[in-house]
Every structure is written in C-alpha cells, then in structure tokens.
Amino acid sequence: RAQKNKRQWIGYGALALILFAAIFWNSSRPKAQPLDETRLASNPTIGSDSAKVVITEYGDFGCTSCRAWHNAGIMDQIRAAYGDQAQFVWKDFPVITAQSPKAAEAGQCAFDQGKFWEFYDYIYENTYALSVDDLKSYAAQLGLDTEKFNQCLDSGQNQAKVNQSLNEAQREYAFPGTPSFLVNGKKLVGPPSFDVLKSMIDSILAG
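A few points on the structure. Just so it is clear, the model here is predicted, and its values are computed rather than measured. (Residues numbered from 1 in each chain as written. Predicted model: local features only at pLDDT ≥ 70, side-chain atom pairs only at ≥ 80, totals over all residues. Heavy atoms only, no water.)

1. Side note on the environment of G190
Part 1: Inspection of the secondary structure assignment puts G190 in the loop between β5 (186–189) and α10 (194–206).
Part 2: For the pair formed by G190 and W69, sequence separation is 121 residues and the distance between their alpha carbons is 9.5 Å. (Helix = DSSP H or I, 4+ residues; strand = E, 2+ residues; numbered from the N terminus.)

And the structure:
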C-alpha cells in the first residue's frame, strides 16, 4: 500500500509540473491582437487597384508547383505585357506541408511591414526550409524589424487572416490543391502558362 501511495504522489507531482509548465508557457507567449475588418480584407497586391483584370493566386510556400510557376516568371511576363491593366493578388492556401501554415503567417507578418513580395521572392528563389527559426532568419536578412516580426509570428497574430484565405479556397471555391487561381473571379486550377493567361486577359479586355 505504501508503494502504491508513493507512485500516486509521484504521478500527482508530475501532473502538477506539466500543468505549471503549460501555464507558464501560455503566460510568457506574446499575445496576439485581434485583427480588424480592414486587416482581414487586406491582401498583398502588385499592380493598380483600378486594373481591369485581377489575377488572384491561392498559394503555399511549401508548394513545389507554386515555386516552379514563380520561377518561370509568368507574373513578370504578364506585368510587362499588360502593365496597369492587370493586378496580382496573393492569398494563402497552406495545405502542402506541416510547416506551410506558419510560413503563411510569416508572409503576412512581412506584409504588415510592407515587405511581403520581398519575402515571397526570397522563399521561392532561395530556400525550401520553413521552420520558425528559418522564417525569422529570412526576415532578418531582408531587413525587417525582427522584434516586431518575431512577436507577430510567435503570437499567431495573423493566423485568423491565413485561416480566412484557407477557408475561402476550400469552402467557397473548392480548389483541389495549389497553386489555384481566380481571373476576374473565374476559377483556374493549376499553374497557368503565359499563353493561357494571355488568352483570358485578352478576352476580358476585349469584352
């Protein structure tokens, strides 16, 4: 009986330590500020807000097809061909790797500092590593305010924004994977070639 009681007290002590550690971790974790409607409605964009054609990419920083599409330079070709007539919008669809959701948050933290596209280019052109420590390192290399970035990432500040885009991709549009696109609201699944986008854009502009 004494041995049984001893084991019980050891178990209670271990449980108390686990609870204490959990409480301490939660209390020391940076607190996220609720996002207002303006921030939830804000997305990284390139091009004029008055553009007649809006191309929205639902992408994932862990997606090799997204990386290949970026590195093929299709966006740059469209911008060179159409200028302010076409606008690009990024929305997060982090479903490929376990690290993708946090990488998406990191992109949004960079967006908060006006550096999303630099972050986007860096990830797709230079690295496959997406751990939290890696993401923080990239922010530092890009000259972001690392204190603000790290707090944003550690607190989950932009998790609601990432989840909003994720839910939109899955529930509203039922996209099967990444990358997926909207061209003036028309669904386009998979990475489009320049010719495919050009045909769609020309049709819209001629309408």
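2. A closer look at the pattern of salt bridges
Part 1: Taken as a whole and assessed by the stated rule, the structure comprises five salt bridges.
Part 2: Across the pair E105 and K102 runs a salt bridge, and its minimum N-O distance is 3.1 Å. Of this pair, E105 and K102 both sit in helix α5 (residues 100–112), three residues apart, which is roughly one turn of that helix. (Salt bridge = Lys/Arg side-chain N within 4 Å of Asp/Glu carboxyl O.)

3. Quick word on the packing of aromatic side chains
Part 1: The tally for this structure, following the rule as stated, stands at 16 aromatic pairs.
Part 2: Both rings, one in F61 and one in F116, keep their centres 6.2 Å apart while their planes meet at 45°; by these two values the pair is tilted. Here F61 is found in the loop between β2 (53–59) and α3 (64–71), whereas its partner F116 is found in helix α6 (residues 116–126), with 55 residues between them in sequence.
Part 3: Given the relative accessible area of 2%, F116 is considered buried.
Part 4: Among the aromatic residues, those joined into a cluster by ring pairs are F61, W90, F116, W117, F119, Y120, Y124 and F149.
Part 5: Taking the ring centre of Y128 as reference, the NZ or CZ of R67 above it sits at 3.8 Å. (Phe/Tyr/Trp six-rings, centres within 6.5 Å; stacked < 30°, edge-to-face > 60°. Buried < 20%, exposed > 50% of the residue type's maximum accessible area, 1.4 Å probe, protein only. Lys NZ or Arg CZ within 6 Å of the ring centre and 35° of its normal.)

4. Quick word on the layout of surface pockets
Part 1: One number sums up the size of the largest pocket: a volume of about 150 Å³.
Part 2: H70, M75, D76, Y120 and D121 are, among the 13 residues lining the largest pocket, the residues nearest its centre.
Part 3: Looking at the lining of the largest pocket, the elements that each hand over two or more residues are α3, α4 (74–82) and α6.
Part 4: Tallying contributions element by element places α6 first for the lining of the largest pocket, with five residues.
Part 5: For the lining of the largest pocket, a count of residues per class yields five nonpolar, three polar and five charged. (1 Å grid on protein atoms, 1.4 Å probe; cavity = no way out; pocket = protein on both sides within 12 Å on 5 of 7 lines; lining within 4 Å. Points joined across faces, edges and corners; volume = space filled by probe spheres on them. Nonpolar A, V, L, I, M, F, W, Y, C, P; charged D, E, K, R; others polar.)

5. What about empty space enclosed by the protein?
Part 1: Tallied over the full model, the rule gives one cavity of 30 Å³ or more.
Part 2: Along the walls of the largest cavity sit E57, W69, M75, F88, V89, W90, W117, Y120 and F181, which together make up its complete lining.
Part 3: Elements with a contribution of two residues or more to the lining of the largest cavity: β3 (86–92) and α6.
Part 4: A class-by-class count of the residues in the lining of the largest cavity yields eight nonpolar, no polar and one charged.

6. Details of the sheet that holds β5
Part 1: Pairing is mixed in the open sheet, where five strands are placed in the order β1-β3-β2-β4-β5. Whereas interior strands pair on both sides, the edge strands pair on one side only; in this sheet they are β1 (45–46) and β5.
Part 2: Note that β1 and β3 share two bridges and pair antiparallel. Pairing of I46 across the sheet is with F88, part of β3. (Pairing = 2+ DSSP bridges.)

7. Notes on the packing of α4 against α10
Part 1: At a minimum axis distance of 10 Å, the contact between α4 and α10 shows a crossing angle of 35°. The interaxial crossing formed by α4 with α10 has right-handed handedness. Taken together, the residues of α10 that come into contact with α4 (itself represented by I74, Q77, I78, A81 and Y82) are F194, L197, K198, I201, D202 and L205.
Part 2: Residue composition of the contact of α4 with α10, by class: eight nonpolar, one polar and two charged. (Axes fitted to C-alpha atoms, helices over the stretch in contact; angles between N-to-C directions. Left-handed = near helix turned anticlockwise from the far one by under 90°. Contact = heavy atoms within 4.5 Å.)

8. Let's talk about the pairing of β5
Part 1: Summarising the sheet, strand β4 (residues 180–183) and β5 pair through four bridges and their orientation is antiparallel. When the sheet's bridge partners are listed, L182 is paired in β5 with K187.
Part 2: Hairpin remark: β4 followed by β5, antiparallel, with two residues in the connecting loop; positive phi at N184, about 50°.

Shape is all these values report; function is a separate question.
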